[in-house]
Amino acid sequence: MTAPASPARTGDPLVPYPADAVRRYREAGLWGSRTIPQEFRAVAARYPERDAVVALDGRMTYAELDLRTDRLAAGLAALGLRPGDPVLFQVTNRLESVVAWYGVLKAGLVPVATLAAHRGHEIGEISRRVGAVAHLVEPGGRFDLVAFAHEQQRDHPTLRHVLVLGELPDADPVPADGPVPPDDGDPDGVAVHQLSGGTTGVPKVIPRRHAEYWYNAAAYARTWGWTPDSRVAHLIPIIHNAGIVCAVHAVHSVGGCLVLGSPDLDESLPLMAREAVTQVLLGHVHYRAADHPDFDAAATSLTRVILSGAKVPPRLFDALEARGLWSGQLFGMGEGMFLATRPDAPRRARLETVGTALSPLDEVRILEPDSEEVADGVGELCCRGPYTLPGYYDAAEHNERAFTGDGFYRTGDLAAWVEIDGERYVSIEGRIKDLINRGGEKINAEEVELLLLRHPRVSGVAVVPMPDPRLGERTCAYVVVDGPELSLAEVQEHFAALDVAKFKWPERIEHLAEIPRTLVGKIDKKALAADITAKVSS
Ligand code: AMP
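Counting of residues starts from 1 at the beginning of each chain's written sequence and follows it residue by residue. Local features in this predicted model are restricted to residues of pLDDT 70 or higher, and side-chain atom pairs are both shown and tallied only at a pLDDT of 80 or more, whereas totals for entire chains, interfaces and linings draw on every residue. Note: side-chain values were computed over all heavy atoms of the structure, leaving out hydrogens and water.

Caption draft 1: Representation of the overall build of the protein chain. Each helix corresponds to a stretch of at least 4 residues labelled H or I by DSSP, and each strand to a stretch of at least 2 residues labelled E; elements are numbered beginning at the N terminus. Secondary structure summary: the protein chain contains 17 helices and 24 strands in total. Along the longest, intermediate and shortest principal axes, the C-alpha atoms of the protein chain span 70 × 60 × 55 Å. We call a residue buried when its accessible area falls under 20% of the maximum for its residue type, exposed when it is over 50%, and partly exposed in between, using a 1.4 Å probe and counting protein chains only. Residues counted as buried form 59% of the 538 residues belonging to the protein chain. We call two residues in contact when some of their heavy atoms are within 4.5 Å. For the protein chain, the proportion of contacts with a sequence separation of at least 24, taken over those separated by at least 6, is 68%. Only the protein chains shown count as covering a residue, and every accessible area follows the Shrake-Rupley method with a 1.4 Å probe. Of the roughly 21500 Å² of accessible surface on the protein chain, a fraction of 51% belongs to carbon and sulfur atoms. Of note, the protein chain has its 56 positive side-chain charges centred 1 Å away from the centre of its 74 negative side-chain charges. Positive charges come from Lys and Arg alone, negative charges from Asp and Glu alone, with His and the N- and C-terminal ends not counted. Each charge is placed at NZ for Lys, CZ for Arg, CG for Asp and CD for Glu.

See below:
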C-alpha cells in the first residue's frame with residue numbers, strides 16, 4: 001500500500017485514504033455506497049414504529065425521528081446553510097441533540113464535535129480552523145451557551161448562524177419554491193469533524209467520512225451481535241466519538257433503541273430500569289456504578305456491560321459477574337481504531353486485555369520508537385485500516401510525526417500482545433502521549449503548560465496527571481514562579497481570564513525552585529508524576 005498523500009504536497013487540508021485501500025475496503029464489502037443520512041433513512045424505513053431514541057427529556061420512533069430531521073434539514077437549507085458548511089455542536093445528552101445531529105447531516109452540513117464544556121479559547125481556535133458557519137448550542141445550562149455563541153460571532157466572519165436546541169428551524173421538506181435538502185452526497189466525503197484528545201497544542205481535527213464512519217459503528221454493533229431488539233444505554237457525552245459511534249450510529253445501524261441518559265446515575269439508572277436496557281457502555285467515571293443503590297434495578301434486563309476508557313479494576317469485573325452480567329472491554333479513539341473483547345473471548349482476555357481489532361482489514365502493530373516491530377514486550381500501538389484516519393485536517397507538519405512512513409497512525413498509547421488460548425489480544429500498558437485523562441476528557445499537558453506560561457509570574461512549568469479515585473486522573477501543575485507562591489485560586493483566575501474550558505484548569509499547584517530535567521535535558525515528567533502520586537496517596 002502506498003503512503004497517504006501528504007497535504008504539504010497536495011496543498012489540500014484533507015489527507016485522502018490511498019486509492020488502493022479504498023478499493024480493498026469496498027471490494028471487501030466494508031465500505032458502503034451511501035451517506036450516513038441515506039443509511040439512517042433505510043433503517044428508519046424498515047423499522048418505522050420502533051423506538052429510535054428514548055432520552056430523559058422525551059422519545060421518538062424511527063418514523064418520527066426521520067420526519068423531524070427531514071424538516072430540520074429543510075429548515076437549515078432555507079436559512080442559507082449549504083452542503084459542506086461546518087456546524088459547531090455544544091450540546092449535552094438530550095433528545096434534540098440527536099435530532100440536530102441527523103438534521104445537520106441530512107442538510108449535508110458537517111457537525112464539528114466540540115464539547116459543551118469548551119469556551120472561547122477552544123471554540124475560537126477550532127471554529128476558525130474549520131471555518132465554522134453555524135454554532136449549535138443548548139439553552140438553560142448553568143453557563144449561558146446561547147449568549148456565548150453570540151459573543152463568538154464577533155470578529156468571526158464565517159460564523160453567521162446561532163442555532164438553539166428547542167428553537168431549531170423547521171420547514172416543509174419539499175418546498176414548492178425553495179431548495180430541496182441534498183441527498184446525493186459523496187459516501188467518501190467528510191461527514192463529521194471529530195476532535196483529537198491526544199496530540200500537541202489545541203485539539204487537532206479528525207475528518208470522518210460517511211462510509212468509513214458508518215462502517216466503524218456498524219462493525220461495533222455486529223461485534224456485540226446487536227439486533228432491532230437491542231436497547232442500548234449511553235450515559236457519557238453523546239457528541240464524543242464514543243457517543244456517536246458506540247451509541248447513536250451503532251444502535252441505529254441495526255434498528256435498535258438508544259436509551260440516552262446523562263452522566264448522573266441518579267437519573268440514568270432509573271431510566272435504564274424503565275426502558276429495560278439490554279446493554280450499556282460504562283466509561284471510567286462510572287466504574288463505581290455497581291455500588292449505586294439503583295444499579296440492580298437498572299440491570300434487570302442487562303446482558304452485557306462494556307467497560308472503556310481505562311484499565312478495569314478486577315473488583316468491578318467481579319461485582320458485575322457476580323450479578324450474572326457478561327463484562328468485556330473496549331478501546332476506542334476519535335482517530336478510528338477500535339479493539340474489543342468479543343462475546344466468545346475467554347474471561348482472562350476480557351479482564352486483562354482490550355481484545356482484538358474490530359475489522360478484518362484493521363492492521364495493528366506494536367512498534368519500537370524506531371518503527372521496528374516489538375516481538376515481545378511493550379511498544380507503541382500503531383494502526384491502519386478501514387476507519388482509522390489517514391491524516392489530521394490541515395495539519396501537514398503534525399501528520400509527518402503522527403504517522404509511520406507506511407501510513408500507520410501512531411496512537412501514543414503503549415500496548416503489548418498477550419497470548420491466551422492460542423489467540424493474540426492487545427493489552428494497554430500506559431501511554432507516551434503527554435495528556436491527562438480526566439474521567440474520559442483528554443487534557444493536553446502542553447496546551448495547559450503554554451497557558452500557564454502566559455501568567456506574568458510563571459517562568460517554568462510541567463503539567464502531570466495526579467491520580468484520582470473518581471476521575472482516574474486530574475491535572476497537577478508544577479510551577480516555578482517569580483515572587484511569592486501562586487495560590488490555586490490565582491491560577492484558576494488566570495485560566496478563567498483566558499476563557500479556557502474548566503475541565504482543563506489545574507487542580508493542584510506544586511512550587512519548585514527549578515523544573516527537574518533528565519540527562520538528555522527533557523523535563524522529567526516521570527519523576528514529577530511519581531512525586532505527586534506519592535503525595536496524594538500518603
Ligand atoms: P478519545 O479519542 O477521546 O476517545 O480518546 C482515545 C484515547 O483514550 C486512547 O488513545 C487511549 O489513550 C484512551 N483509551 C480509550 N479506551 C481505553 C481503554 N479501554 N483503556 C485504556 N485507555 C483507553
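Caption draft 2: Quick peek at the pairing of strand β2 (residues 58-61). DSSP-based pairing: two strands are paired if at least 2 bridges between them are found. For strand β1 (residues 51-55) and β2, the ladder comprises 4 bridges, and the chain directions are antiparallel. Across the sheet, residue Val-54 finds its bridge partner in β2, namely Arg-59. Once β1 ends, the chain turns through 2 residues before running back antiparallel as β2.

Caption draft 3: Structural view of the site of the ligand. Around the ligand, 13 residues are found, and the nearest of them are Leu-330, Met-333, Gly-334, Asp-413 and Lys-433. The term polar contact refers here to a pair of N or O atoms within 3.5 Å; inside protein, the definition further demands a hydrogen-donor-capable atom paired with an acceptor-capable atom, and it admits residues adjacent in sequence only when both atoms are side-chain atoms. The backbone of Leu-330 places a nitrogen or oxygen atom 2.7 Å from a nitrogen atom of the ligand. Compared with its free state, where it exposes 500 Å², the ligand has 85% of that area covered by protein. Tallying contributions element by element places strand β13 (residues 326-333) first for the shell around the ligand, with 4 residues. In the shell around the ligand, the residues fall into 6 nonpolar, 4 polar and 3 charged. By convention in these notes, a residue is near a molecule or strand provided one of its non-hydrogen atoms lies within 4 Å of it. Classification used: nonpolar for Ala, Val, Leu, Ile, Met, Phe, Trp, Tyr, Cys and Pro, charged for Asp, Glu, Lys and Arg, polar for all others including Gly.

Caption draft 4: The UniProt feature "domain: AMP-binding enzyme C-terminal" (unreviewed entry) in the protein chain, seen in detail. UniProt positions are given in the numbering used here, feature names are shortened, and annotations may be inferred rather than shown by experiment. Per the UniProt record, the feature "domain: AMP-binding enzyme C-terminal" (unreviewed entry) sits at residues 447-522. Taken as a whole, residues 447-522 contains 22% helix and 33% strand, while its terminal C-alpha atoms sit 17 Å from one another.

Caption draft 5: Region of interest: the domain arrangement of the protein chain. Domain segmentation is taken from an automatic or database assignment of domains. Along its sequence, the protein chain is carved into domain 1 (6-10 + 17-30 + 264-433), domain 2 (32-209) and domain 3 (435-537). A straight line from the C-alpha centre of domain 1 to that of domain 3 covers 28 Å. Opposite the 6 residues of domain 1 that make contact, domain 3 presents 10 residues. In total, domain 1 and domain 3 occlude about 640 Å² of area from one another, counting both sides; carbon and sulfur atoms represent 46% of this. The largest per-residue losses of area from domain 1 upon contact with domain 3 belong to His-284, Val-285 and Arg-431, which jointly make up 69% of the total buried on that side. A side-chain nitrogen of Lys or Arg and a carboxyl oxygen of Asp or Glu constitute a salt bridge if their distance falls within 4 Å. Counting every contact that joins domain 1 to domain 3 gives 1 salt bridge. The partner of Glu-473 in a salt bridge is Arg-431, and the shortest N-O contact between them spans 2.7 Å. Our count for the domain 1 to domain 3 interface comes out at 5 residue pairs in polar contact (both at pLDDT 80 or more). Buried area: the accessible surface (1.4 Å probe) lost by two parts on joining, summed over both.

Caption draft 6: Structural detail: the state of the cysteines. For this text, the term disulfide refers to a pair of cysteine sulfurs within 2.5 Å. For the coordinates displayed, the defined rule picks out 0 disulfides. The thiol of Cys-382 is not disulfide-bonded; the next cysteine sulfur, from Cys-383, is found 7.1 Å away. For Cys-382, a relative accessible area of 0% translates into the label buried.

Caption draft 7: Here's a closer look at the packing of aromatic side chains. Only centres within 6.5 Å qualify two rings of Phe, Tyr or Trp (six-membered ring in Trp) as a pair; their planes then separate them into stacked at under 30 degrees, edge-to-face at over 60, and tilted for everything else. What the rule picks out here adds up to 15 aromatic pairs. With a centroid separation of 6.5 Å and 80° between ring planes, the pair formed by Phe-338 and Tyr-387 is classed as edge-to-face. Remark: Tyr-387 occurs in the loop between β17 (379-384) and α14 (396-402) and Phe-338 occurs in strand β14 (residues 336-340); sequence separation between them is 49 residues. Judged by its relative accessible area of 1%, Phe-338 falls in the buried class. Each ring, one from Phe-403 and one from Tyr-409, has its centre 5.5 Å from the other, and the planes form 55°; the classification is tilted. Comparing Phe-403 with Tyr-409, the two get one shared label, buried.

Caption draft 8: Representation of the environment of Gly-11 in the model. Structurally, Gly-11 is set in the loop between α1 (7-10) and α2 (19-27). You can call Gly-11 exposed: its relative accessible area is 64%. Residues Gly-11 and Ala-396, 385 residues apart in the sequence, show an inter-C-alpha distance of 8.9 Å.

Caption draft 9: Expanded view of the sheet that holds strand β19 (residues 423-431). The strand order across the open sheet built from 4 strands is β16-β17-β18-β19, with neighbouring strands paired in antiparallel fashion. Two strands in the sheet have a free side with no partner beyond their single neighbour: β16 (363-367) and β19. Each adjacent strand pair in this sheet contributes to an overall mean axis angle of 50°, direction not counted. Throughout, an axis means a line fitted to C-alpha atoms (over the contacting stretch in the case of helices), and angles, computed between N-to-C directions, take values from 0 to 180 degrees.

Caption draft 10: Focus on the sheet that holds β1. Pairing is mixed across the open sheet formed by 9 strands, whose spatial order is β2-β1-β10-β9-β11-β12-β13-β14-β15. Two strands close off the open sheet at either side, each with one partner strand: β2 and β15 (356-357). Bridge analysis of β13 against β14 gives 4 bridges, and the strand direction is antiparallel. Residue pairing across strands places Phe-331 opposite Leu-339, the latter belonging to β14. Running over the sheet, helix α8 (residues 210-223) touches β11 (279-283), β12 (304-308), β13 and β14 and is turned about 0° from β14. Running over the sheet, helix α9 (residues 241-253) touches β1, β9 (231-234), β10 (257-260), β11, β13 and β14 and is turned about 145° from β10.

Caption draft 11: Representation of a negative patch on the surface in the model. There is a patch of like negative charges on the surface, built from Asp-264, Asp-266, Glu-267 and Asp-294. Inspection of the secondary structure puts Asp-266 in helix α10 (residues 265-274). Judged by relative accessible area, Asp-266 falls into the exposed class, the value being 53%. What makes a patch is a set of residues exposed beyond 30% relative accessible area and free of salt bridges, joined within 9 Å when like-charged and within 5 Å when nonpolar (Val, Leu, Ile, Met, Phe, Trp, Tyr).

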